[in-house]
Amino acid sequence: MASDIQGGTLLQRVVREHARVVVPLAIALGVNVVLYAAVVYPLSQRVANIEQRDRTAETQLQSAQRDYQQARGTLTGKDRAAAELATFYNDVLPSDLAGARRLTHLRLAQLARESNLKFARATFESVPPKGGTLVQLKIDMDLAGGYGDIRAFIHQLETAPEFVVIDNIELGQGPGSDTGPLAVTVHLSTYYRDAAAGAQ
């Protein structure tokens, strides 16, 4: 207790003796505390809030840029698909039944000749569209020849620029001996635009 009293008196004595220095320091300390509480701390909080808002805005900007690039890629892909589909309709598919029959009949007979197959006959049947604008033209071809020639014909058909789909192939023994040519019926399809459906 005596030491506390002595410490208190010592402090009082130091303050009295150095009052000219201690009082301005105490005032400056008080002013600093007030300035910190009233100005510096709110400003630091405001700066921290601004930095947080900047980070949030930057994250949102990056997200928006990603969304924009995805949407742009989707639109570009959609435009490209629409252009390729228009090219397919206009340049690859026949425009009508006469064009489809002319294209397939002449081309299929030529491919059969080039493959050393005997072209017996071909039948055609149009299947009306079901809710679309494309008419299916079914083609049944009767051919005769060796197995290797049939394979060559199928390969040429699959790699030809004309749009013809092989639906089914039926192989059988041709007339005559077992060593005679094979009889093959090839079921094919192509498509052409239905002018009546396209005009609607």
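Described in the following lines is the structure provided in the data block. (Residues numbered from 1 in each chain as written. Predicted model: local features only at pLDDT ≥ 70, side-chain atom pairs only at ≥ 80, totals over all residues. Heavy atoms only, no water.)

**Some thoughts on the nonpolar core**
If you look at the biggest cluster of nonpolar residues, it comprises 20 residues, and the most contacted ones within it are Met141, Leu143, Phe153, Leu157 and Leu188. Beyond its immediate chain neighbours, meaning those up to four positions away, Met141 contacts Leu108, Phe119, Arg121, Ala122, Phe153, Val184, Thr185, Val186 and Leu188. (Core = buried A, V, L, I, M, F, W, Y, C linked by side-chain atoms within 4.5 Å. Buried < 20%, exposed > 50% of the residue type's maximum accessible area, 1.4 Å probe, protein only. Contact = heavy atoms within 4.5 Å.)

**Some thoughts on the pairing of strand β1 (residues 118-127)**
Bridge analysis of β1 against strand β2 (residues 134-145) gives nine bridges, and the strand direction is antiparallel. By the bridge assignment, Glu125 is partnered in β2 with Lys138. Taking the residues between adjacent antiparallel strands as the criterion, β1 and β2 are bridged by six residues, where Gly131 takes a positive phi near 85°. (Pairing = 2+ DSSP bridges. Helix = DSSP H or I, 4+ residues; strand = E, 2+ residues; numbered from the N terminus.)

**A look at the side chain of Asp142**
With respect to the helices and strands, Asp142 occurs in strand β2. Here Arg121 takes part through its side chain, which lies 2.9 Å from a polar atom of the side chain of Asp142. Of note is the side chain of Asp142, whose polar atom sits 2.9 Å from the side chain of Thr185. Each residue touching Asp142, except ones within four places of it in the same chain, is listed here: Lys118, Phe119, Ala120, Arg121, Val184 and Thr185. (Polar contact = N/O pair within 3.5 Å; in protein donor to acceptor, adjacent residues only side chain to side chain.)

**Considerations on the environment of Gln110**
Along the chain, Gln110 falls in helix α3 (residues 97-114). In this structure Gln110 comes out as partly exposed when scored by relative accessible area, which is 30%.

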